[in-house]
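Observations on the model geometry
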Amino acid sequence: QLNTEYNFERFVRGENNDFAYMAAFAIARNPGKAYNPCMIYGGVGLGKTHLLQAIGNSAWQEFEDLKVVYVTAETFTNEFILAIKENTSHRFKNKYRSVDMLLIDDVHFLPGKVETQEELFHTFNALYDANKQMVFTADRPVSELKKLSDRLRSRFERGLNVDLQPPNYETRIAILKKKIEEKKVALPEEVVELICQNIKTN
């Protein structure tokens, strides 16, 4: 489920994301030892999924026996519902509690889903007690996730919480030039500047 295009080499670093990048890189090199758990949060299109999957891709290449699972919170929820429906909860638990690294994207999908939160809480505890690495992403700080159980919130806040800010002008230029290079397209310098002066969010 990991997209190999999401790696550290393709991630453009800037003042807005450098700390998150360094934390993610440290996690990939020392799973379960550096920043566990870790929560990366920020707005749409700022690189949360890229960093999350880069951790998984890098760690999987570095440690060939490492069991890495990347999943969105929505998929986690749907699998849990299916497990209840088909009476295969033991298989679901085994899948998620026997991993070395659990990467869950978009946990802002979880608020209001009481039973899924309960299951993730127990999964979290099992992995944490076994010193297994967990990394999560959300579109806002954990404190702003309404209808999230207090005990799950406290688990998310237990480790490192790091945010991704919108890139500054220089970083936007660097990102766009990287995309131009990868796509092998010709774009005049003044067009690059025009885009980066006017688009400031992501």
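Here the structure is a predicted model, which means the values were calculated and not measured. (Residues numbered from 1 in each chain as written. Predicted model: local features only at pLDDT ≥ 70, side-chain atom pairs only at ≥ 80, totals over all residues. Heavy atoms only, no water.)

Focus on the packing of helix α1 (residues 18-29) against helix α2 (residues 48-62)
For clarity, the threshold we go by: Axis definition: a line fitted to C-alpha atoms, over the contacting stretch in the case of helices. Angles run 0 to 180 degrees between N-to-C directions. A run of H or I in DSSP becomes a helix once it reaches four residues, and a run of E becomes a strand once it reaches two; helices and strands are each numbered from the N terminus. Roughly parallel means an angle under 35 degrees; roughly antiparallel means over 145; roughly perpendicular covers 65 to 115; every other angle is labelled oblique. For any pair of crossing helices, the crossing counts as left-handed if the nearer helix is rotated counterclockwise from the farther one by less than a right angle, and right-handed if it is rotated clockwise. Throughout, a residue-residue contact means that at least one pair of heavy atoms, one from each residue, lies within 4.5 Å.
Two elements in contact, α1 and α2, have axes whose closest approach is 8 Å; the angle formed by their N-to-C orientations is 30°. Of the possible angle classes, the one that applies to α1 and α2 is roughly parallel. Two packed elements cross with a definite hand, and for α1 against α2 that hand is right-handed. Taking contact as the criterion, the partners of Ala20, Tyr21, Ala24, Ile27, Ala28 and Arg29 in α1 are, on α2, Leu51, Ile55, Ser58, Ala59 and Glu62.

Here's the deal with the packing of aromatic side chains
This is how the line gets drawn: Within 6.5 Å between ring centres, the rings of Phe, Tyr and Trp (the latter by its six-membered ring) count as paired, and their orientation is classed by plane angle as stacked under 30 degrees, edge-to-face over 60, tilted in between. Here, a charge over a ring is recorded when the distance from Lys NZ or Arg CZ to the ring centre is within 6 Å and its angle to the ring normal is within 35 degrees.
Under the criterion given, the structure shown has 11 aromatic pairs. When the ring centre of phenylalanine 121 is taken as reference, the NZ or CZ atom of arginine 151 above it lies at 4.0 Å. A cation sits over an aromatic face here: arginine 158 above tyrosine 128, 4.6 Å from the ring centre.

Some thoughts on the side chain of threonine 88
We apply this condition: Residue burial is assigned from relative accessible area. The probe radius is 1.4 Å, only protein chains are included, and a residue is buried under 20% of its type maximum, exposed over 50%, and partly exposed in between.
Mapped onto the elements of the fold, threonine 88 is located in the loop between α3 (73-85) and α4 (89-97). Threonine 88 gets classed as buried once you look at its relative accessible area, which sits at 15%. Residues contacting threonine 88, with those up to four places away along its chain left out, are Leu82 and Ala83.

Digging into the nonpolar core
Test applied: By nonpolar core we mean a set of buried residues, namely Ala, Val, Leu, Ile, Met, Phe, Trp, Tyr and Cys, connected to one another through side-chain atoms within 4.5 Å.
Ranked by internal contacts, the top residues of the largest apolar core, which has 27 residues, are Met39, Leu102, Ile104, Val107, Phe136 and Phe156. Listed by contribution, the elements that provide at least two residues to this core are β1 (38-42), β2 (68-72), α3, α4, β3 (101-105), α5 (114-129), β4 (133-138) and α6 (150-156). Among all residues touching phenylalanine 136, those that are not within four sequence positions of it are Pro37, Cys38, Met39, Ile40, Leu52, Ile104, Val107, Phe124 and Phe156. Grouped together as the second largest cluster of nonpolar side chains are 24 residues, Phe11, Leu46, Leu51 and Leu66 included.

Describing unusual backbone geometry
In this chain, asparagine 36 is followed by proline 37 through a cis amide linkage whose omega measures 0°. With respect to the helices and strands, the residue proline 37 is situated in the loop between α1 and β1. Positive phi outside glycine occurs at lysine 184, with the angle close to 55°. Its place among the elements puts lysine 184 in the loop between α7 (169-183) and α8 (189-198). By relative accessible area, lysine 184 is classed as exposed at 73%.

Geometry only, nothing functional implied.
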